[in-house]
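Spelled out from the first residue to the last, the chains are:
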Amino acid sequence: MPKNLDSMVTERANDNFFDGEDSRYAKYERAKSKVASIKRFYNHVLVFLIINIILYFLRQKFVFILVNKDAFGNPDFLDWINWNVYGTTIVWGLILIIHGITVFGNISWYMKKWEERKIQKYIDLYND
């Protein structure tokens, strides 16, 4: 059963009443969560760099190992190897950029506005 708007406002006012230790703990938890997400991003960057350096270094080795006399002159096979190496870097790089934007970018204002719009939508729906 949905809560009425008056009880929600009263609960929010009561939440604001406790600004002491609870507020410090909430700030600490938010800060701890932010640091953990930044750490995960840096680990993601490190793995990205290591794997891509290995791929580019071994790209020539792949050509020599995988290409036998029959396929040596086939440019399609060599292009396939190159596109796999370059494609991995491009796709993973785009994913890494999106990860960085979510960690360091200020898109939280958009998410908060979206949440507020959805909450208001459901409040209006329940009031009808």
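In this report, we go over the structure that sits alongside the text. (Residues numbered from 1 in each chain as written. Predicted model: local features only at pLDDT ≥ 70, side-chain atom pairs only at ≥ 80, totals over all residues. Heavy atoms only, no water.)

Observations concerning the overall build of the chain
Here is step 1 of the chain: What the chain contains, in helices and strands, is 4 helices and 0 strands.
Here is step 2 of the chain: Along its sequence from the N terminus, the chain presents helices and strands in the succession α-α-α-α.
Here is step 3 of the chain: Out of the 128 residues belonging to the chain, those deemed buried represent 14%.
Here is step 4 of the chain: A sequence separation of at least 24 residues applies to 71% of the contacts in the chain between residues at least 6 apart.
Here is step 5 of the chain: Counting every atom, the chain has about 10900 Å² of accessible surface; 65% of that belongs to carbon and sulfur. (Helix = DSSP H or I, 4+ residues; strand = E, 2+ residues; numbered from the N terminus. Buried < 20%, exposed > 50% of the residue type's maximum accessible area, 1.4 Å probe, protein only. Contact = heavy atoms within 4.5 Å. Areas by Shrake-Rupley, 256 points an atom, 1.4 Å probe, with all protein chains shown as cover.)

What to know about a positive patch on the surface
Here is step 1 of the chain: Residues Lys113, Arg117, Lys118 and Lys121 make up a contiguous surface patch of positive charge.
Here is step 2 of the chain: Within the secondary structure layout, Lys121 lies in helix α4 (residues 108-127). (Patch = residues over 30% accessible without salt bridge, like charges linked within 9 Å, V, L, I, M, F, W, Y side chains within 5 Å. Salt bridge = Lys/Arg side-chain N within 4 Å of Asp/Glu carboxyl O. Lys, Arg positive; Asp, Glu negative; His and termini not counted. Charge placed at Lys NZ, Arg CZ, Asp CG, Glu CD.)

A word on the environment of Ile38
Here is step 1 of the chain: For Ile38, the position within the fold is in helix α2 (residues 21-66).
Here is step 2 of the chain: In the structure, Ile38 is positioned 64 residues away from Thr102 in sequence and 10.0 Å away in space, judged by C-alpha atoms.
Here is step 3 of the chain: With residues near it in sequence (within four places) discarded, Ile38 still touches Val103 and Phe104.

Focus: the packing of aromatic side chains
Here is step 1 of the chain: Throughout the structure, instances matching the rule amount to 6 aromatic pairs.
Here is step 2 of the chain: Ring centres 6.0 Å apart and planes at 50° place the aromatic pair Phe41 and Tyr42 in the tilted group.
Here is step 3 of the chain: With a relative accessible area of 12%, Phe41 lands in the buried category.
Here is step 4 of the chain: Taking 6.4 Å as the distance between ring centres and 35° as the angle between the ring planes, the aromatic pair formed by Tyr122 and Tyr126 counts as tilted. Here Tyr122 and its partner Tyr126 are both found in helix α4, 4 residues apart, which amounts to about one turn of the helix.
Here is step 5 of the chain: Linked through ring pairs, Phe41, Tyr42 and Phe104 together constitute an aromatic cluster.
Here is step 6 of the chain: One Lys or Arg, Lys121, reaches over the ring of Tyr122 and ends 5.6 Å from the middle of that ring. (Phe/Tyr/Trp six-rings, centres within 6.5 Å; stacked < 30°, edge-to-face > 60°. Lys NZ or Arg CZ within 6 Å of the ring centre and 35° of its normal.)

Observations concerning the side chain of His44
Here is step 1 of the chain: Tracing the backbone through its elements, the reader meets His44 in helix α2.
Here is step 2 of the chain: Not counting chain neighbours up to four residues away, the residues in contact with His44 comprise Trp92, Ile95, Leu96 and His99.

A few points about the nonpolar core
Here is step 1 of the chain: Counting 5 residues, the largest nonpolar core is built from Phe41, Phe48, Trp92, Leu96 and Val103.
Here is step 2 of the chain: The residues contacting Phe48, other than those within four sequence positions of it, are Thr89, Trp92, Gly93 and Leu96. (Core = buried A, V, L, I, M, F, W, Y, C linked by side-chain atoms within 4.5 Å.)

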